[in-house]
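If you want the building blocks of each chain, they are given just below.
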Amino acid sequence: MTAARDPRIKPLAIRSPRGARTTEIDWADGHKGVYPHVVLRGYCPCAGCQGHSGEIRFIETRDDQQEIEDITPVGNYALALKWFDGHDGGIYSYKFLRALCQCDACRTPEHGSMPRL
């Protein structure tokens, strides 16, 4: 199945109210993803945050760095997040976002509480 047709990585709706500290994504397979901004910002995939090693690691951020200003689709495969502090280098693929989900079902002991990357 191609990524564009895989319902696990096809968003139907994205909710991130101004001032919120959590973003929600409804996926085509019926899953409702929950994304605390501390997790989204902490796992920002940009080279400035992650370097060039290919390893994704959690970066601690302050509360004032965890508010999203804008969310823009990137083609049919990702979202670009712009944060209120001006940081905007991260392009979050839909596959990466599914791995970052922090809903109760994804945070079970078998899945762990942080991303399965």
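Here is a short report on the structure shown in this document. (Residues numbered from 1 in each chain as written. Predicted model: local features only at pLDDT ≥ 70, side-chain atom pairs only at ≥ 80, totals over all residues. Heavy atoms only, no water.)

The tally for this structure, following the rule as stated, stands at nine salt bridges. Here Asp-26 and Arg-15 are joined by a salt bridge, their closest N and O atoms 2.9 Å apart. With Asp-26 in strand β2 (residues 22-27) and Arg-15 in strand β1 (residues 11-15), the pair connects residues that are 11 residues apart, well separated along the chain. Residue Arg-15 is classed as partly exposed on the basis of its relative accessible area of 31%. The closest approach of N and O atoms between Arg-21 and Asp-63, which form a salt bridge, is 3.5 Å. Of the two residues, Arg-21 is situated in the loop between β1 and β2 and Asp-63 in the loop between α2 (47-50) and β4 (68-74); the sequence distance between them amounts to 42 residues. (Salt bridge = Lys/Arg side-chain N within 4 Å of Asp/Glu carboxyl O. Helix = DSSP H or I, 4+ residues; strand = E, 2+ residues; numbered from the N terminus. Buried < 20%, exposed > 50% of the residue type's maximum accessible area, 1.4 Å probe, protein only.)

A separate point is the sheet that holds strand β5 (residues 78-83). One open sheet holds the three strands; their spatial order is β4-β5-β6, and the pairing between them is antiparallel. One side of each edge strand has no neighbouring strand; the edge strands of this open sheet are β4 and β6 (91-93). With strand direction ignored, the average angle separating the axes of adjacent strands in the sheet is 30 degrees. In terms of strand pairing, β5 meets β6 through three bridges, oriented antiparallel. Counted as the bridge partner of Leu-79 is Tyr-92 from β6. (Pairing = 2+ DSSP bridges. Axes fitted to C-alpha atoms, helices over the stretch in contact; angles between N-to-C directions.)

Turning our attention to the pairing of β4. Looking along a regular strand, one sees the side chains alternate between the two faces of the sheet. The pairing of β4 with β5 spans six bridges and is classified as antiparallel. Bridging from a neighbouring strand, Ile-68 pairs with Trp-83 of β5. The loop that links β4 with its antiparallel partner β5 comprises three residues; one of these, Gly-75, has a positive phi angle of about 55 degrees.

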